[in-house]
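# Structural overview for review
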Amino acid sequence: MGIYQIQTNTLKEKELQKLGGLLSFTGIQNIRCPNELERQRYKMLAQAIDSTNRSLKWRLVKDDLWINKKGDIGLKEVIAIGSEGFTFVDSYLTRMGFNTEEPLNTIIDTSTFQKLNSAFYKDKKHIYRHYAMAYGGSFSTFEEADHATFVALSDCYAKDKNHIYENREGILKNVDYKTFKVKSTVSGCFAKDKNGYLSWSDRITGDGLNDEYVKKAISELDK
């Protein structure tokens, strides 16, 4: 005997979640709140991941690139655990894509690997892109980029001889290459060209231009 909560999943199937055993059924022990049970699971999962990371003895090589005791190379990222980011843990992308493709060991040249900004990296052969997501991102070669001329412009933007790039969008098709401008004194992801101002990959228009934070960025860009 026990106390159970009946839930209906996305397939409209009934699921039972046990909230307490015989002691709860008889009133001797308090029923555990479903939310508390969920938080406990998230906490245990985070502890398990941290324990695994410690056992692998990860150590920094350079520029977000780490190596463990088995010789696996991993790009370190911080991911959320649980709904609405109950807690956060370190995680390591050891394979390309969403940690499902070729091992990074077989692709990356560690001696020439370097971080360009918060999303782009390079070595002697490739430009790489880390697409960060709350519950685990992806790491891939950025084939669109021209390796010889690719440079970071800021933490949010980069360029090569052909295009302007933004960390999340990739190639920006709505900008004027020749007049595109960023400034190191600007806080946040802002840029300008002859057609106006951008926040990340979006044009700033209408009421957005009156936001105090945006106006401060524009003032710096216009200097």
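Anything mentioned here points back to the structure above.
The next thing to look at is the pairing of strand 5 (residues 73–81). With seven of nine residues buried, strand 5 lies mostly within the body of the structure. The sheet contact formed by strand 4 (residues 65–67) and strand 5 spans three bridges and is antiparallel. Residue pairing in the sheet places Trp 66 in a bridge with Gly 74 of strand 5. The antiparallel pairing of strand 4 with strand 5 creates a hairpin that spans five residues between the two strands, and Gly 71 there sits at a positive phi of about 90°.

Tallied over the entire structure, the rule returns one disulfide. Paired through a disulfide, Cys 156 and Cys 189 show a sulfur-sulfur distance of 1.7 Å. Taking the sign of the S-S torsion, about -55° here, the bridge from Cys 156 to Cys 189 comes out left-handed. With Cys 156 in the loop between strand 11 (151–152) and strand 12 (157–159) and Cys 189 in the loop between strand 14 (170–171) and strand 15 (190–193), the pair connects residues that are 33 residues apart, well separated along the chain. Each member of the pair, Cys 156 as well as Cys 189, carries the same accessibility label: buried.

Once that is clear, we can look at the pattern of salt bridges. Between side chains of opposite charge, a pair can form as their charged atoms come close. According to the stated counting rule, one finds nine salt bridges in the structure shown. Across the pair Lys 192 and Asp 222 runs a salt bridge whose closest N-O atoms are separated by 2.8 Å. Of this pair, Lys 192 sits in strand 15 while Asp 222 sits in the segment after helix 4 (212–221), and the two are 30 residues apart along the sequence. Taking the shortest distance from any N to any O, the salt bridge between Glu 212 and Lys 215 comes out at 3.4 Å. Of the two residues, Glu 212 and Lys 215 are both situated in helix 4; the distance of three residues between them amounts to about one turn of the helix. Residue Lys 215 is classed as partly exposed on the basis of its relative accessible area of 40%.

Okay, the packing of aromatic side chains next. In this structure the tally under the stated criterion is 14 aromatic pairs. Between the aromatic rings of Phe 113 and Tyr 128, the centroid separation amounts to 6.1 Å while the plane-to-plane angle is 50°, which identifies the pairing as tilted. With Phe 113 in the loop between helix 3 (96–99) and strand 7 (114–115) and Tyr 128 in strand 9 (residues 127–131), the pair connects residues that are 15 residues apart, well separated along the chain. Residue classification places Phe 113 among the buried residues on the basis of a relative accessible area of 1%. Of the residues examined, Tyr 128 reaches a relative accessible area of 0% and is grouped as buried. Look at Phe 190 and Tyr 213: their rings are 5.6 Å apart centre to centre, the planes differ by 65°, and that puts the pair in the edge-to-face class. Taken as a pair, Phe 190 in strand 15 and Tyr 213 in helix 4 lie far apart in primary sequence, 23 residues in all. Owing to a relative accessible area of 7%, Phe 190 belongs among the buried residues under this scheme. Under the relative-accessibility criterion, Tyr 213 is labelled partly exposed at 46%. The structure contains a cluster of three or more aromatic residues connected by ring pairs, namely Phe 113, Tyr 121, Tyr 128 and Phe 139. Here the basic side chain of Arg 168 rests over the ring of Trp 200, its NZ or CZ set 4.1 Å away from the ring centre.

Let us now look at the sheet that holds strand 15. Pairing in this open sheet of three strands is antiparallel, and the strands run 15-16-17 from one edge to the other. The sheet is open, and its two edges are formed by strand 15 and strand 17 (202–203), each paired on a single side. As judged from the two bridges shared by strand 16 (residues 196–199) and strand 17, these two strands associate in the antiparallel manner. Within the sheet, the bridge partner assigned to Leu 198 lies in strand 17 and is Arg 203. Packed on one face of the sheet, helix 4 meets strand 15 and strand 16 and runs near 50° to strand 15.

Cut-offs and rules
Residues numbered from 1 in each chain as written. Predicted model: local features only at pLDDT ≥ 70, side-chain atom pairs only at ≥ 80, totals over all residues. Heavy atoms only, no water. Buried < 20%, exposed > 50% of the residue type's maximum accessible area, 1.4 Å probe, protein only. Helix = DSSP H or I, 4+ residues; strand = E, 2+ residues; numbered from the N terminus. Pairing = 2+ DSSP bridges. Disulfide = S-S within 2.5 Å. Salt bridge = Lys/Arg side-chain N within 4 Å of Asp/Glu carboxyl O. Phe/Tyr/Trp six-rings, centres within 6.5 Å; stacked < 30°, edge-to-face > 60°. Lys NZ or Arg CZ within 6 Å of the ring centre and 35° of its normal. Contact = heavy atoms within 4.5 Å. Axes fitted to C-alpha atoms, helices over the stretch in contact; angles between N-to-C directions.

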